[in-house]
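Per-entry structural report
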Amino acid sequence: MKTLLTAFVGSMALATAPMAMSAEANKELKMAYDADPVSLDIHEQLSGGMLQLSHMTFDPLIRWTKDLGFEPRLAKSWERIDENTMRFELREGVNFHSGNELTAKDVKFTFDRLKQSQDYKAIFKPFSELKVIDDYTFELVTTEPYPLLLNTATYIFPLDSEFYTGKTESGKDKSAITKHGNSFASENLSGTGPYVITGRQQGVRVEFERFDDYWDTESPGNVGKIVLTPIKENNTRVSALLSGGVDFIAPVPPTDLERIRRDKNSDLVTMSGTRIILFHMNQNRVEAFKNPKVREAIAYAINQEGIAAKIMKGFATPAAQMSPEGYQGHNDSLKTRFDVEKAQQLMKEAGYEDGFTISMMAPNNRYVNDDKIAQAVAAMLARINIKVDLKTLPKAQYWPEYDARAADMMMIGWHADTEDSANFYEFLTFCPDADSGSGQYNAGNYCNPEIDELVNKANVETDLDKRTAMLKEVEQRLYDDAAFVPLHWQDLAWASKKNVKIEPILNVMNFPYLGDLVVE
Amino acid sequence: MLAFLVQRISQAVLVMFVISVIAFAIQDGLGDPLQQMVGMSVSQDEREAIREEMGLNDPLVVQYVRFAGNALQGDLGISYFYGKPTMDVILEHLPATLELVIGASLIIIIFSVPIGVFAAIRPQAWLSKFFMGVSTVGISIPVFLTAIVLIQIFSIGVTVDWFPQDAGWGQWLNAALSTEGGLPSYGRGDDLTPLFGTWESGFFSQGGLLHLILPSVSLASIMLPLFIRLIRAEMMEVLQSDYIRYARAKGLSSSRVYFLHALKNTMLPVITVGGVQIGIMVAYTILTETVFQWPGVGLMFLEAITRSDIPLIVAYLMVVGLIFVITNTVVDLIYGLVNPTVKLTGKKA
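Residues numbered from 1 in each chain as written. Chains lettered and ligands numbered in written order. Predicted model: local features only at pLDDT ≥ 70, side-chain atom pairs only at ≥ 80, totals over all residues. Heavy atoms only, no water.

With respect to the overall build of chain A
- Within chain A one finds 15 helices and 19 strands.
- Relative to the compact-globule value of 24 Å for 520 residues, chain A shows a C-alpha radius of gyration of 25 Å, a close match.
- Based on the C-alpha atoms only, the size of chain A along its principal axes is roughly 85 × 55 × 50 Å.
- Taking all 520 residues of chain A together, 57% fall into the buried category.
- For chain A, the proportion of contacts with a sequence separation of at least 24, taken over those separated by at least 6, is 69%.
- Split by element, the accessible area of chain A, about 20,700 Å² in all, is 48% carbon and sulfur. (Helix = DSSP H or I, 4+ residues; strand = E, 2+ residues; numbered from the N terminus. Rg over C-alpha atoms; globule rule 2.2 N^0.38 Å. Buried < 20%, exposed > 50% of the residue type's maximum accessible area, 1.4 Å probe, protein only. Contact = heavy atoms within 4.5 Å. Areas by Shrake-Rupley, 256 points an atom, 1.4 Å probe, with all protein chains shown as cover.)

Topic: the pattern of salt bridges
- For the coordinates displayed, the defined rule picks out 29 salt bridges over all chains.
- Between A:Arg63 and A:Asp516 there is a salt bridge whose closest N-O contact spans 2.8 Å. With A:Arg63 in strand 2 (residues 62-64) and A:Asp516 in the loop between strand 18 (500-501) and strand 19 (518-519), the pair connects residues that are 453 residues apart, well separated along the chain.
- On the basis of relative accessible area, A:Arg63 is assigned to the buried category, the value being 8%.
- Here A:Arg205 ties to B:Asp190 by a salt bridge, and the two come within 2.9 Å at their closest N and O atoms. With A:Arg205 in strand 9 (residues 205-210) and B:Asp190 in the loop between helix 7 (168-177) and strand 1 (193-194), this residue pair bridges two chains.
- Among the charged side chains, a salt-bridge network with shared partners connects A:Asp59, A:Arg73 and A:Asp216. (Salt bridge = Lys/Arg side-chain N within 4 Å of Asp/Glu carboxyl O.)

Focus: the interface of chain B and chain A
- On the chain A side, the residues contacting the 44 residues of chain B number 43 residues.
- Carbon and sulfur atoms make up 51% of the surface buried where chain B meets chain A, a total of about 3,800 Å² over both sides.
- Of all residues in chain B, the largest losses of buried area upon contact with chain A belong to B:Met40, B:Ser41 and B:Tyr186, amounting jointly to 18% of the total for that side.
- In this structure, the connection of chain B to chain A is made through two salt bridges.
- The interface formed by chain B and chain A holds 12 residue pairs in polar contact (both at pLDDT 80 or more) in total.
- At the level of secondary structure, the elements contributing two or more residues to the side of chain B that touches chain A comprise helix 2 (44-54), helix 6 (143-156), helix 10 (254-292) and helix 11 (297-306) of chain B.
- Split by residue class, the side of chain B that touches chain A holds 19 nonpolar, 18 polar and seven charged. (Buried area = accessible area lost by both parts, 1.4 Å probe. Polar contact = N/O pair within 3.5 Å; in protein donor to acceptor, adjacent residues only side chain to side chain. Nonpolar A, V, L, I, M, F, W, Y, C, P; charged D, E, K, R; others polar.)

Some remarks on the UniProt feature "domain: ABC transmembrane type-1" (unreviewed entry) in chain B
- UniProt marks residues 94-335 of chain B with the feature "domain: ABC transmembrane type-1" (unreviewed entry), using the numbering shown here.
- Secondary structure across residues 94-335 of chain B comprises 76% helix and 2% strand; the distance between its end C-alpha atoms is 27 Å. (UniProt positions renumbered as here; feature names shortened; annotations may be inferred.)

Points about the packing of aromatic side chains
All names here are of chain A.
- Using the criterion set out here, one finds 33 aromatic pairs over all chains in the structure.
- Considering the side-chain rings of Phe-289 and Phe-356, the 6.1 Å spacing of their centres and the 75° angle between planes classify their relative orientation as edge-to-face. In this pair, Phe-289 is assigned in the loop between strand 12 (266-281) and helix 8 (292-301) and Phe-356 in strand 14 (residues 356-363), connecting sequence segments 67 residues apart. Just as Phe-289 is buried, Phe-356 falls in that class too.
- Taking the centre distance of 6.0 Å and the plane angle of 35° together, the rings of Tyr-327 and Phe-424 count as tilted. With a gap of 97 residues between them, Tyr-327 in the loop between strand 13 (316-318) and helix 10 (340-349) and Phe-424 in helix 13 (residues 421-428) connect regions that are remote in the sequence. This pair shows no difference in class: Tyr-327 is buried, exactly as Phe-424 is. (Phe/Tyr/Trp six-rings, centres within 6.5 Å; stacked < 30°, edge-to-face > 60°.)

Comments concerning the nonpolar core
- The biggest cluster of nonpolar side chains holds 150 residues, and the ones touching the most others in it are A:Leu29, A:Ile298, A:Ile307, A:Leu381, A:Met409 and A:Leu514.
- Ranked by the residues each element gives to this core, the list is headed by strand 12 of chain A, at seven residues.
- The two domains that each donate at least three residues to this core are domain 1 (6-244 + 498-519) and domain 2 (272-491) of chain A.
- When residues no more than four places from it in sequence are discounted, the contact partners of A:Leu514 are A:Leu29, A:Met31, A:Tyr33, A:Met56, A:Tyr195, A:Ile226, A:Phe248 and A:Ile505.
- Counting residues in hydrophobic clusters, the runner-up holds 34 residues, among them B:Ile108, B:Ile121, B:Ile228 and B:Ile231. (Core = buried A, V, L, I, M, F, W, Y, C linked by side-chain atoms within 4.5 Å. Domains from an automatic or database assignment.)

Description of the environment of A:Glu139
Residues and elements named next belong to chain A.
- Within the secondary structure layout, Glu-139 lies in strand 7 (residues 137-142).
- Along the primary structure Glu-139 and Leu-242 are separated by 103 residues, whereas in three dimensions their C-alpha atoms are 49 Å apart.
- Among the polar contacts listed, one links the side chain of Glu-139 to the side chain of Arg-87, at a separation of 2.7 Å.

Brief notes about the sheet that holds strand 6 (residues 127-134) of chain A
Residues and elements named next belong to chain A.
- Strand order across the open sheet formed by four strands is 4-5-7-6, with antiparallel pairing between neighbours. Two strands lie at the open edges of the sheet, namely strand 4 (75-82) and strand 6, each paired on one side alone. The average angle at which neighbouring strand axes cross in this sheet is 20°, direction not considered.
- Judged from the five bridges that link them, strand 5 (residues 85-90) and strand 7 form a sheet pairing that is antiparallel. For Arg-87, the partnering residue across the bridge sits in strand 7 and is Glu-139.
- Seen against the sheet, helix 3 (residues 104-116) touches strand 5, strand 6 and strand 7 and runs at an angle of roughly 170° to strand 6. (Pairing = 2+ DSSP bridges. Axes fitted to C-alpha atoms, helices over the stretch in contact; angles between N-to-C directions.)

Next comes the structure, spelled out in structure tokens:
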């Protein structure tokens, strides 16, 4: 009997072994995100939702691994030719959904289009050109030595140049990127990715089917069909999972974490995120904020641990700096410094013992619990006699106010598109300069040219160790200067039914690699 | 009759004009549409260029004149988010909302008339008192809460273990109070039947009907108690009137008295209120659709607001205004049919 069974199992293994993995992709996955992709044109907007779509229907040259390393995808190898040039070898025999074969000219087409895209052109500014050497070799050239070359290459998802070239029946250019109104690319898609879009009703559902000709036959993914439904209401999304209506949801609201953890049919995965939530102290509006002692006092008055534990219910990692762990600038020695007595002492030394009144603004539907966090911060400031006049607004109205720097303290959350520390400084602490666009979101008007100089130096330093040391120093100096009030990094959470193995495909960038998803 | 319709149509035009002006005037308060269209790191210069291209930098009056000119030709603009003409977007979402309203109305009619009539005929019966009690509770619970409770009980299911499981009665009570769940909690499902145009119906398939149950019940829960109470009160009043006494004295069967003579006059004010309430129900669909992720115009409108999709907001408000005017006109017409003594304004006596 035993031998018979072994023989049977053996023959099964033999029979299945030569078959490509993708042939077995027969599972169906129903998933619910809080929103569906705004367009099918992945260059129309740089946002989490669009990147999630990119990873489902396209493949990047290289992609981030779980521990923030790189793994080859469409580029199978790369080597540095000189200071400004990186040469990539393209994988051969990769087909687009349309049937066209991927070559270096598609990568060039994509690169040129990215340089046109309003959302991406800033990220691709350091690059001067993409040089095609032959069908499967190309070089990325930067104007100066650029340490984030590979980080940026994760944003290059080659498009099917033949498919996106030419005119539509109504005479529109197929490669056009349009922010409003319809373009060819916003409704048609041809990538190399694991899924083909088979149906889409915006705001209602998107249907995907596994691409038969997908190049990555090593991928363990066995999902043949995906139905994505946007469910905006947190409660409804969680209910849909608990009632078995969907198999996978994201994001999971902090209030429901316990409920899902207790549910015996569901799995919950959480991760410390990379989005920093912070307050700026506007030195142009408030004279007192020019005094480093006052800023330091505020830094001492804020209880980050308390906010993370009580308001965020443990769904956040308290922060004393901008760079999260894993980023080059993350400085382990910086700790949160909650100490009310010290804060009061500093206010006294600065000559503001009796305090003053300031205005504060925060969004109320942009970040997790944003309005409650703002209320807590206002209450904490009251203890050092700073009276806060708080106003919270829906995000659509908040950002115009933010651009106008309409309050003395304003909240912002920031995720570095490059997954690198320097991006935080460039947007949030650089001396504001309307012409160059640096410090675009620096609502504190904090300005320290020395620090900016150091970051700029780090941006052309390709020696990783040296660069890390520089960025750590930047983080330290911003901390000593109390340039802003860091609060926490918002955690990420996903949940699925037990048979959907989401853990291996999730990452801190929040683009699940659904092509590799295994459903049991 | 013709004069009446002309009067109503001119009223409708006025209503639409006022709505469009108001919607345009408040658009600055609705936030910046660009925020939803570009990533955070896009520079101010780029934003300015897009704004210019979209005509957002023009003075409001210029924008309004441009809008009104197009509107007169039947073009209500292009939604920023959907990238399609706003009327197309609304027509795509409207069937879902109408089906939800139809479902809720059916529930209301099926339950309110018998219960209301019964409560009026037998005001002292314990069943009447029970219905009145429940309706008081029902009228005071917000639709959001009703929906969440319904989802918990009928979609997710509840396991009750308050009673001792080893005792027979405890086991029975636990089982009786626990629910299996399983009813769909979001959306309209996969198997919709295409009717015509953009209308895909959920009324002709099991899946579609199952998806309709919870949202319709939630939406009906706000109006049902109101109608039960209204029918009961009107019916009781009618039953006191002389012609009913005369009918009884004449020896007519009580079912003929109640359901022919009394009910007909009871329904007059109910139709008036009903017409207005259908309009209000469209407004309530915003809440119900949000909780159930029902892809109708209510949800679409709410999302348009969070995205500052101004063309879509303006178009939605105008369409809803039109629905109000139409329902009121239809109600007035029906009113005339039910009670010939009522004269339509504008109709020559």
